[in-house]
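Analysis of the macromolecular model
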Amino acid sequence: MESDITGAPAEMASEWKQGGTAGLPQVSDTRNPGQPLDLDWVMSVQANRSAIERRCATLPGRRSVKKEWQAAWLVQAIRCIDLTTLSGDDTEGRVRRLCAKARQPLRSDLAEALGVSGITTGAICVYHDMVAAAVDALRESGIPVAAVSTGFPAGLSPYHLRVAEIGESVAAGAKEIDIVISRRHVLTGNWRALFDEMAEFRRACGAAHVKAILATGELGELRNVARASLVCMMAGADFIKTSTGKEAVNATLPVTLVMLRAIREYHERTGYRVGYKPAGGISKAKDALTYLALVKEELGDRWLQPDLFRFGASSLLGDIERQLEHHVTGAYSTSWRHPMA
Amino acid sequence: MTVQEILETMEYGPAPESAAPARKWIEDVGGAFGHFIGGVLTDTGAQTFDSTNPATGEVLAQLTQADQSDVDSAVTAARNAQPAWEGLGGHQRAQFIYAIARLMQKHARLFSVLEVLDNGKPIREARDIDIPLAVRHFYYHAGLAQLMAREMPDRRAIGVCGQIVPWNFPLLMLAWKIAPALAAGNTVVLKPAEYTSLTALLFANICQEAGLPSGVVNIVTGDGEVGRMLVEAPVDKIAFTGSTAVGREIRRATAGSGKALTLELGGKSPYIVFDDADLDSAIEGLVDAIWFNQGQVCCAGSRLLVQEGVAERFHAKLKARMDKLRVGDPLDKSVDVGAVVDPVQLQTITKMVDEGGSEGEVYHAQVQMPEGCYYPPTLITGLAPAARLMQDEIFGPVLVSTTFRTPDEAVALANNTRYGLAATLWSENVNLALHVAPKLAAGVVWVNATNLFDAAAGFGGVRESGFGREGGWEGLYAYTRADIPEPVSVHVPEPSPADLHTLGGIDRTAKMYIGGKQTRPDGGYSRAIRLPNGALAGHVGEGNRKDIRNAVEAAEKASGWATTTGHSRAQILYFVAENLAVRGNEFADRINRLTSSDSGVDEVNASIARLFSYAAWADKFDGAAKGVPLRGLALGLHEPVGVIGALCPTEAPLLGLISALAPAIAMGNRVVLVPSEAFPLAATDFYQVLETSDVPAGVVNIVTGTASELAPVLAAHAAVGSVWNFTDAGLDKLIEEASAATLKRTWNFRTAWDGAAGEGRHFLRAATEVKTVWVPYGV
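Residues numbered from 1 in each chain as written. Chains lettered and ligands numbered in written order. Predicted model: local features only at pLDDT ≥ 70, side-chain atom pairs only at ≥ 80, totals over all residues.

**Some remarks on unusual backbone geometry**
The following threshold applies: Under the scheme used here, helices are H or I runs from DSSP no shorter than 4 residues and strands are E runs no shorter than 2 residues, and both carry numbers assigned from the N terminus.
For the bond from A:Phe152 to A:Pro153, the omega torsion is 0°, close enough to zero to count as cis. Mapped onto the elements of the fold, A:Pro153 is located in the loop between strand S3 (145–148) and helix H8 (159–171). Positive phi, normally seen in glycine, also occurs at B:Ser596, with a value near 50°.

Here is the structure:
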């Protein structure tokens, strides 16, 4: 996996490699260094919505996880959550509470009964102004702080400010940057502009990992999702992510399938593994299991780890806690039995 | 396993469906079953056999092998019940069928689990596909029962239907057979496959719970011998789903019996992937095409045709996908491929792959294989069309593959088969997809999808995949018959060698008409045609098998006619009528003299009117967009059958000929007509009209001669799609027997040709195949 992609800008590749895995204990793969924009490849991609929807509609019937296996999968889902707050009324106090929950997402007696320890969420995800508080609250936990950036959620602020925002968040201690792409580049078929934008964002991130938010609900068609996914990976995205959570339609299974297949194709052709993060609208434990099964089926077990898979979610954790308590006690649970964030 | 350990592996773990309720149902009847006859579940008979679970080999129950008296009782019960059942009327029948649907839905899980135990298919498929589709079929047909009287006023029930269903979709095939039969007012005797009779017996419970009148549904169990008894029993129709070999036997056995017949047989359905397809989705489609139900699916997309430029990538992706399939306990909810139905079938599959696989490269999915009656998902690449495994149906989880270069070559390869059940094609280019779909020899075409089924959409094949459709209005039609007046009797003049005087004047030589040319008979013999008074009216050629060969060859060449527009065909039919009218008096005289009657003017006028009728129909026999539960189109297209051989009625020498010719060519077929044996001269005069009317060469061919000699040649000819016998009923048997080799459609029909039944939709239906083209869409 160490081989350079021929033709990748040398200084870019070396800079990105220097970034390596620093600061992200759970990351074990070499970062995706990107590659030159390959428009032949991008334009050859197809995505047949009806077939994709059939695959997604039948998957929950094809894969079922029960009993201990279900419990384990739900624990794994917790480990993959980017516990998120992205509200105008966020305060340091609110963020600190969230961080405390990230450190101990599962009631200790439940963790004990399940025989697991040291379970934390994958990351905390906040706006820039909350990064410092989050970093402070998560000190020595190993849990990274992710900052949404580049004029999140619309991405329509001045370009130089968007690039600068990344630097500010990295400086404040964010280890992961969730950037938003310019949807207009996709909608107008300006793949070169999308590639250049993404590459620059990646450079601005330095050692911090970059997640490319495609805002799939605003891309019009699934084929655009597939093409945008590829272009962002070619430009060096570490993760591709569905949504900001602010679009009318956020993470869906069909969009997920398209993005997972793009990731698989990219891995097959380049050898680099890019991560995937569905965000927005996933609030049920059952849905989380379906997402994990889809990832397992389409990408394989390697992608079921938090360095390559995250849920962007705020309320999902609560439902998982209730389901796990049911697993342990055999009785259905309720929200106030679990510590809130 | 501990949670911590599972976290390391992230395996699925077991997810078993409980078999307890299904086992209890079997135990409650003592683990042994008789038949369902006249509303009663009979006691176990003298001879019983084991029903086993193929996944484990355990014996599930004892079933009774029906004997002749059982079959007779069942048929008698059905016969006795039929008039009252039909007499109930559509609304009452609809209520019963609706009740059946509701009850099946209430017991859906029991049906599902029982089906899995009996057949070995994964619970996911029984639960999510087989049973819901079966229920849907009854709901849909409750609706058809309700509407039939108003919407099909000229049709009524056929009577008693013998129905034989296979083991691959036991309950679903039962539903496909029983629902339309009951809707139309028929009663049935159904024989499930001996491997898989349990859900049919559970269905008998449902009939009782629904209060279905006794004898409307009867079920007899047993092996092929019982099937044979049923075929030979005094029933009015046989409906069979199963192998082509058995279908052929049934065609022979029922030949000349007057029993209606529909056959849904084998296939080797092509699965075409163009280079602009969504390849990942096409691969997922293959999972549902060939690894669905362990590949034991008549319409399985078993013959993969991939465009050369993407073939290597496609095969690599496909192999990776195959390795992800989960083979094992059919009751596990996360299993994709279950058990093969019986060790005998497993042996057949194994032997075929062992013997034929070496012509290509065999890839078995790298998956954990359980012990027992299982076969791994298999791909065989690099096979040429000539390879046996490219031609023969394997009926197992084995996909064979080859490549093509162009759309035309894809079509040629796809159609290079004796079968014609289904076809799948993948392309993101709507022009390409809709260009190719009509060219595929198949009753069902799926575009960017596969194995989509619904009660509203017709399903059935062409060529050796059988005939008749199940589902939709066309499916109901196959369970009805028309009430038509008895044909008039005809006086055929006896030759009188004593009286040899001619009509005088210059001798006119009546020839045959083949490929747009007047031709002499191959044999060099002519036959004398006499007037009723014995006088010589003229000579016509004595056609033989080579004349039929030549005529069919000419008809095959005129394939462009099938793709001319309805408007163009109408113009030509009008022109034929116009030119006939110009010579109307001459034809009328000829008919009067030949038949010694004064009906000539009427017959000519009726012929002109009939030509007008079918000219009118040429662009109006519309297909339909079916109301399937899918975001997409399911189009029922009316396509020409191809080459139709027609034995024209003895009486009405001109009108009878037109009655066959006009609907056939209006729908885009080419015809080989054998004119009235007694009065062929009206036909030989008629080719002059054709010649002056822009009818393209080969579209209409006329071979005079002895019908009983020519009919079997037409019926046996592989390039003839259907044979219509409008003449001597004594030829029906000959024709149907000869048709068995190629399983072509046949239509025996006699009527008063100048009456209302002498034209109309029933002719158009006979002249067309319904092809269902599924086109899901979305961005």
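**A few points about the sheet that holds strand S7 (residues 275–277) of chain A**
Residues and elements named next belong to chain A. Condition: What makes two strands pair is DSSP finding at least two bridges between them. Axis lines are fitted through C-alpha atoms, for helices just across the contact stretch, and the angle between N-to-C directions can take any value from 0 to 180 degrees.
The strand order across the open sheet formed by eight strands is S7-S6-S5-S4-S3-S2-S1-S8, and the pairing between neighbours is parallel. Strands at the two margins of the open sheet, each flanked by one partner only, are S7 and strand S8 (311–313). With strand direction ignored, the average angle separating the axes of adjacent strands in the sheet is 25°. Pairing geometry for S3 and strand S4 (residues 176–180), over three bridges, is parallel. The residue of S4 that forms the bridge with Ala146 is Glu176.

**Quick look at the nonpolar core**
We apply this condition: The nonpolar core criterion groups buried Ala, Val, Leu, Ile, Met, Phe, Trp, Tyr and Cys residues into a set whenever they are joined through C-beta atoms within 7 Å. Whether a residue is buried, exposed or partly exposed follows from its count of other C-beta atoms within 10 Å of its own C-beta, namely 20 or more, 12 or fewer, or something in between, respectively; the C-beta atoms are built from the backbone. What counts as a contact is two residues whose backbone-derived C-beta atoms lie within 7 Å of each other.
The biggest cluster of nonpolar side chains holds 294 residues, and the ones touching the most others in it are A:Ile124 and A:Ala134. Excluding residues within four positions of it along the chain, A:Ala134 makes contact with A:Val95, A:Cys99, A:Ile124, A:Val126 and A:Val145. Among the nonpolar cores identified, the runner-up in size contains 82 residues, and B:Ile658, B:Val674, B:Val713 and B:Ala715 belong to it.

**Brief notes about the interface of chain A and chain B**
The test is simple: Three classes are used: nonpolar for Ala, Val, Leu, Ile, Met, Phe, Trp, Tyr, Cys and Pro, charged for Asp, Glu, Lys and Arg, and polar for all others, with Gly counted as polar.
Facing the 31 residues of chain A at the interface are 33 residues of chain B. At the level of secondary structure, the elements contributing two or more residues to the side of chain A that touches chain B comprise helix H3 (49–62), helix H4 (67–79) and helix H13 (285–298) of chain A. Classifying every residue of the side of chain A that touches chain B by side-chain character gives twelve nonpolar, seven polar and twelve charged.

**Re the pairing of strand S27 (residues 670–674) of chain B**
Residue and element names in this part refer to chain B. Applicable threshold: Here the term right-handed applies to a crossover when the path leading from its first strand over the helix to its second strand runs clockwise, the strands being oriented away from the viewer.
The element S27 is largely enclosed, with a buried count of five among its five residues. Burial along S27 is two-sided: the residues Arg670, Val672 and Val674 and Val671 and Leu673 are all buried. Of the pairings in the sheet, the one linking strand S26 (residues 643–647) to S27 comprises five bridges and is parallel in character. Among the inter-strand pairings, Ile644 is bridged to a residue of S27, identified as Val671. Crossover connection from S26 via helix H22 (residues 655–666) to parallel S27: handedness right-handed. With three bridges connecting them, S27 and strand S28 (residues 700–702) associate as parallel partners. Directly across from Val671, in S28, lies its bridge partner Val700. Handedness of the β-α-β unit built from S27, helix H23 (residues 681–691) and S28 comes out right-handed.

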